[in-house]
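# Examination of the molecular architecture
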Amino acid sequence: MGNIGTHTLRIANKSTPDECNRKEFSQTAFGFVIEFADYIAYRPFYNILYNKGCWPENDMRTYLSTEILSKFPSDLKNGIIDTYTVSGHGPNEGKSNFISEDKIYLFGAHEVLKNGESKIISNNDTIYNLTRQLDYYFLNNVITDLPSLSAIVKLPYHTWWLRTSSNNLNCYYIGILDGRPWTDVNANMNFGVLPAFRIRIG
């Protein structure tokens, strides 16, 4: 991929359970989903402490859909399908969920993490019930209680962004940080970028 090097992909999902047929359900976690198994960059969501508009209107989404997608081999890029993306926010922002259409995106909080008994992710993700945990993370039992994700997820890079805006603070997103299940991260901090996309099969 040019100046960002060579990267490994993996299949994050193959299944499409019945819940995915709901009209308002995000398409980001069903069908044939491919993700980067290592990070392609280490950068902020925004260059300033700001995230108004959340996923549809941030620097990260623009960076992925222009600079990164342009580096894909043409045969792979031609197989990528448009994805109806629903993105959440913290519970006290008083906003509707955010809707976009993406060819390449970051995972939402619940698409990686399932609620355990501590540090409940659904309290900070308004689309918890509008998406699902991807097959890869479900089969590896990735839950919010897990003392460390590093043995299961994203070796050796386990400090990385999710697309979910967090809590009632305008400058925070949810990220995975040094083996903790998740944390609130300033939008202008450098974290790993591990995008995903869906491809047409058949």
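Presented here is a report on the structure given in the accompanying data block. Bear in mind the structure is a predicted one, so any value in this text is a computation, not a measurement.

### Here's the deal with the overall build of the protein
Along the protein, the regular secondary structure elements total 4 helices and 10 strands. Start at the N end of the protein and walk to the C end: the helices and strands fall as β-β-β-α-α-β-β-α-α-β-β-β-β-β. Burial status across the protein gives 54% buried among its 202 residues. Residue pairs in contact within the protein that sit at least 24 positions apart in sequence constitute 69% of those at least 6 positions apart. Carbon together with sulfur atoms contributes 49% to the accessible area of the protein, which is approximately 8,800 Å² in total.

### Section: the packing of aromatic side chains
Two aromatic rings, taken as a pair, are described by how far apart their centres are and by the angle between their planes. Enumeration according to the criterion identifies 11 aromatic pairs in this entry. Ring centres of Phe45 and Tyr173 lie 3.8 Å apart, and the angle between their planes is 10 degrees; on these two criteria the pair is classed as stacked. Taken together, the residues Phe45 in the loop between β3 (41-43) and α1 (59-68) and Tyr173 in strand β7 (residues 172-176) connect sequence positions 128 residues apart. A single burial state applies to Phe45 and to Tyr173, both of which are buried.

### Remarks on the pairing of strand β2 (residues 33-36)
The two faces of β2 match: Val33 and Glu35 on one face and Ile34 and Phe36 on the other face are all buried. With 4 bridges connecting them, strand β1 (residues 9-13) and β2 associate as antiparallel partners. Within β2, the residue paired with Leu9 across the bridge is Phe36. Of the strand pairs in this sheet, β2 and strand β10 (residues 196-198) are connected by 3 bridges, and their pairing is antiparallel. From the neighbouring strand, Val33 faces β10, where its bridge partner is Arg198.

### Remarks on the environment of Met189
Tracing the sequence through the fold places Met189 in the loop between β8 (183-186) and β9 (191-193). Residue class for Met189 comes out partly exposed when judged on its relative accessible area of 35%. Once you skip the residues sitting within four places of it in the chain, Met189 turns out to touch Arg43, Pro44, Phe45 and Trp161.

### Some points on the nonpolar core
Across soluble globular proteins, nonpolar side chains have a tendency to be buried as a group. Counting 49 residues, the largest nonpolar core has Phe45, Met60, Leu64, Phe107 and Trp161 as the members making the most contacts within it. Sorting the residues of this core by element identifies β2, α1, α3 (109-112), α4 (135-139), β6 (160-165), β7, β9 and β10 as the ones contributing at least two each. The contacts of Phe107, once residues within four sequence positions are left out, are Ala12, Thr28, Val33, Glu35, Val112, Leu134, Tyr137, Leu162, Arg163 and Ala196.

Parameters and conventions
- Residues numbered from 1 in each chain as written.
- Predicted model: local features only at pLDDT ≥ 70, side-chain atom pairs only at ≥ 80, totals over all residues.
- Heavy atoms only, no water.
- Helix = DSSP H or I, 4+ residues; strand = E, 2+ residues; numbered from the N terminus.
- Buried < 20%, exposed > 50% of the residue type's maximum accessible area, 1.4 Å probe, protein only.
- Contact = heavy atoms within 4.5 Å.
- Areas by Shrake-Rupley, 256 points an atom, 1.4 Å probe, with all protein chains shown as cover.
- Phe/Tyr/Trp six-rings, centres within 6.5 Å; stacked < 30°, edge-to-face > 60°.
- Pairing = 2+ DSSP bridges.
- Core = buried A, V, L, I, M, F, W, Y, C linked by side-chain atoms within 4.5 Å.

By themselves, these figures tell us nothing about what the structure is for.
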